[in-house]
Amino acid sequence: MSETAAAGVQPAWRSAPGAGAEAARGGPDARRLLQLMLAGIWLLDGVLQYQAFMFSKGFSDMLAGTASGNPGVVASPINWNATLVEHHLVLLNAVFATIQVLLGIGIAWRPTVRVALAASVAWALGVWWFGEGLGMVLTGDASPVNGAPGAVILYALLAVLLWPSDRGSPASPAPFTAARAVGAPLARALWLVLWLSLAYFALLPGNRAPQALNGMIAGMESGEPGWLAALDRGAASLVAHQGLAASIVLAIALVIVAAGVYLPSPAARGTLVLAIVVAAVIWVFGEAFGGIIAGGATDPNSGPLLALLALTYWPARAPGRAASAFERTTAS
Amino acid sequence: MIPSWILDVFAAIMLVVAAVSAGRLVAARPWQRGARRAALADIDVAHLLMAIAMAGTLVAGLWTLPGGAWEAVFGVMTAWFAYRVVLDAQVSGVRALAGGHCAPHLTHAAAMLYMFAAVSAPAAHGSGGMGGAMSGMGTLELPSLAFVFALALVGYSIWDLDQLSGPGTSGYYSLAVARAAPADPVLAGVGAMTAGAGAMAGMGATTLSPAAGAAVAAEPVAEPAGIAQVPPASGPADGTGVLAPWVATGCRIAMGITMAFMLVIMI
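Residues numbered from 1 in each chain as written. Chains lettered and ligands numbered in written order. Predicted model: local features only at pLDDT ≥ 70, side-chain atom pairs only at ≥ 80, totals over all residues.

1. Describing the overall build of chain A
- Scanning chain A from terminus to terminus reveals 17 helices and zero strands.
- Counting every position in chain A, which comprises 332 residues, the buried fraction comes to 52%.
- In chain A, of all internal contacts separated by at least 6 residues, the share reaching a separation of at least 24 is 68%. (Helix = DSSP H or I, 4+ residues; strand = E, 2+ residues; numbered from the N terminus. Buried ≥ 20, exposed ≤ 12 C-beta atoms within 10 Å, placed from the backbone. Contact = placed C-beta atoms within 7 Å.)

The structure is reproduced here in structure tokens:
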């Protein structure tokens, strides 16, 4: 699928020259696949929002809980929103769920991809504030292991990076998918800020305490199926009383990942693989798949989004090599 | 507790899907067109049965068969689509699991089987079967499996939406070409499936023999090239009106999202 097809302008088989070898050979391009993954996560979010728990007072209490520890200017609107939701719980939650389902459908439906991506940025920013308390980044409690800097802000970032526009040209194509929309320098800077901030959060006093990581992981056991609870118990015991060492190791890994996008392609690929591994470890052990299997989760949390983000920075194949591979395929 | 009107809305969507699927079966008249054409009706039969079952699970008043009967129905359906996927895989390898024609239907059927087999019904409503279970917010055994099914269903729905809203190179579910039908729908389906499988794997040179493909192609599909206008006097021709490929795909998307919704709220 070409860029133009992803934007819903015209079919890929009529796409303009220079759309790349992938378009020429008919496969969906990398950005469209990543957009579809983002759409899938939005759709899953919407479905999760229909759970019975979300129609109970527990949901508005959960929203109000994110005000705790935040500065007054942040907390006051959160409390106002939580009160509003409490008073109109069924209606507002149904609207929230439906909006998220529509965002997923809108991104997957090519003619509406731009509208849906733009709306998803606005929605994600709103939820980041009113639903996640800015990911608790201002409270000193944020940790990359439990979802900092707030899963939903990653949706907004992905929507921007996957925006269907091209800053590259056939002569000098973007070096990776995220660079196509915003340019390589800004895309790299965003990556650097994100992963360095995660490294910083990993080293906060509350996260490097001897039992901090242990408590965080063990706390995810409740309500999980036996196999996942056992995994959590094993991981928690591994880091018992090792909070400082574990935090330092994690922070080093996160710094390496942060710097990776400035390295030559082979090394960058290695650091992106590291990023995906870190995201997977966080998702399985720190976030227990977002708590979805235990019920009552609003989203799959940050793990899948960090992995998806890493894929948007995967170095593109050189056009010459892609064309050669295509020619070999068609010749065989 | 989920408000009943939300369940009613999803049930209503399922009733529409059931009606559309029944309409497709009536319009296609597979019983008049020989065994090969009859075999192609399996998708619509599956959609019809699944939609009725799901409507009944969402709203107790629409309950039709006991849970055990639905388990048997979806057991047979799962076996049938598994057989079709195996045939598909013999032609296009593991690609059949990701982008093959029958893999989504296998997933849908297996998810339904799981839902009826794994539900633990509270006695609150006493109506038996899944209707009572859902109204009383029954939960599913092996919730990890529900999560996996929900992910797969969401994935297929998103993929279908993408394919439905743009022809890509295959024209697989293109709205733009849905009003024209190929001269031989079965063979056209092979071609489209070939291109679709290639697109999934990022390869454009997949090959597929017509004979093998005919065994696995289920929905007639129009392609940008080689299409023929439907003769106006031929009655409800394949690929037009309610028989258009995008109608079946639309039904599948609606069912996939509804099924994922049901699995998630029963975790």
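From this point, things continue past the structure.
2. Comments concerning the overall build of chain B
- A tally of helices and strands in chain B yields eleven helices and four strands.
- Per-residue burial for chain B yields a buried fraction of 58% across its 267 residues.
- By sequence separation, contacts in chain B at least 24 residues apart represent 74% of the contacts at least 6 residues apart.

3. A word on the environment of leucine 272 of chain A
All names here are of chain A.
- Structurally, the position occupied by leucine 272 is in helix 15 (residues 265–286).
- The exposure class of leucine 272 is buried, given the 24 C-beta atoms found within 10 Å.
- Each C-alpha atom, one on leucine 272 and one on isoleucine 256, is 9.6 Å from the other, the two residues being 16 residues apart in sequence.

4. Overview of the nonpolar core
- Judged by nonpolar contacts, the single largest core of 173 residues is most densely connected at Leu38, Leu158 and Leu254 of chain A together with Ala51, Ala260 and Leu263 of chain B.
- It is helix 11 (residues 245–265) of chain B that provides the largest number of residues to this core, a total of 14 residues.
- Excluding anything up to four places from it in sequence, leucine 158 of chain A contacts Leu38, Leu305, Leu308, Leu309 and Thr312 of chain A. (Core = buried A, V, L, I, M, F, W, Y, C linked by C-beta atoms within 7 Å.)

5. Topic: the packing of helix 15 of chain A against helix 16 (residues 302–312) of chain A
Residues and elements named next belong to chain A.
- Close contact between helix 15 and helix 16 brings their axes to 8 Å; oriented N to C, the two are set at 170°. Viewed along their axes, helix 15 and helix 16 adopt a mutual orientation that is roughly antiparallel. In this structure, helix 15 contributes Leu272, Ala275, Ile276, Ala279, Ala280, Ile282 and Trp283 to the contact, and helix 16 contributes Ser302, Gly303, Pro304, Leu306, Ala307 and Ala310.
- Of the residues belonging to the contact of helix 15 with helix 16, the class tally is eleven nonpolar, two polar and no charged. (Axes fitted to C-alpha atoms, helices over the stretch in contact; angles between N-to-C directions. Parallel < 35°, antiparallel > 145°, perpendicular 65-115°, else oblique. Nonpolar A, V, L, I, M, F, W, Y, C, P; charged D, E, K, R; others polar.)

6. Examining the environment of tryptophan 63 of chain B
Residues and elements named next belong to chain B.
- Assignment of secondary structure puts tryptophan 63 in the loop between helix 3 (42–58) and helix 4 (67–92).
- With 21 C-beta atoms counted inside 10 Å, the residue tryptophan 63 sits in the buried group.
- Sequence separation between tryptophan 63 and threonine 139 is 76 residues, and the spatial gap between their C-alpha atoms is 18 Å.

7. Digging into helix 4 (residues 57–65) of chain A
All names here are of chain A.
- When we look at burial in helix 4, the residues that qualify are Phe59, Ser60 and Leu63. Viewed end-on, helix 4 has its buried residues packed into an arc of 95°, placing them on one side of the element. Relative to its buried face, helix 4 has exposed residues pointing more than 90 degrees away, namely Lys57, Gly58, Asp61 and Gly65.
- Against the buried residues of helix 4 lie helix 5 (72–87), helix 6 (89–108) and helix 7 (113–130). (Arc of directions from axis to C-beta.)

8. Here we look at the packing of helix 6 of chain A against helix 8 (residues 143–164) of chain B
- Running from N to C, helix 6 of chain A and helix 8 of chain B cross one another at 45°; their axes reach a closest spacing of 8 Å. Comparing the axis directions of helix 6 of chain A and helix 8 of chain B gives the class oblique. Packed against helix 6 of chain A, whose contacting residues are Gly104, Ile105 and Ala108 of chain A, the element helix 8 of chain B presents Ile158, Leu161 and Asp162 of chain B at the interface.
- Per-class residue counts for the contact of helix 6 of chain A with helix 8 of chain B are four nonpolar, one polar and one charged.

9. Observations regarding the confidence of the model for chain B
Residues and elements named next belong to chain B.
- With 62% of its residues at a pLDDT of 70 or more, chain B shows a mean pLDDT of 73.
- Within the model, pLDDT remains below 50 along residues 123–137, and this stretch shows 34 contacts once partners closer than five positions in the same chain are excluded.
- Note on residues 169–237: pLDDT is under 50 here. Beyond four places in sequence and across chains, it has 153 contacts.
- Scoring of the predicted complex yields 0.82 for pTM and 0.86 for ipTM. (pLDDT = per-residue confidence, 0-100.)

10. A word on unusual backbone geometry
- Following alanine 148 of chain A, the chain continues to proline 149 of chain A via a peptide bond in cis, the omega torsion being 5°.
- Mapped onto the elements of the fold, proline 149 of chain A is located in the loop between helix 7 and helix 8 (151–161).
- Positive phi, close to 60°, is recorded for histidine 241 of chain A, a residue that is not glycine.
- Summarising the element assignment, histidine 241 of chain A is placed in the loop between helix 13 (226–238) and helix 14 (243–260).
- In this structure histidine 241 of chain A comes out as exposed when scored by C-beta crowding, with 12 C-beta atoms within 10 Å.
- You will see that leucine 142 of chain B, though not glycine, has its phi angle at about 50°, which is positive.
- By secondary structure assignment, the location of leucine 142 of chain B is in the loop between strand 2 (139–140) and helix 8.
- Of the residues examined, leucine 142 of chain B has 13 C-beta atoms within 10 Å and is grouped as partly exposed.

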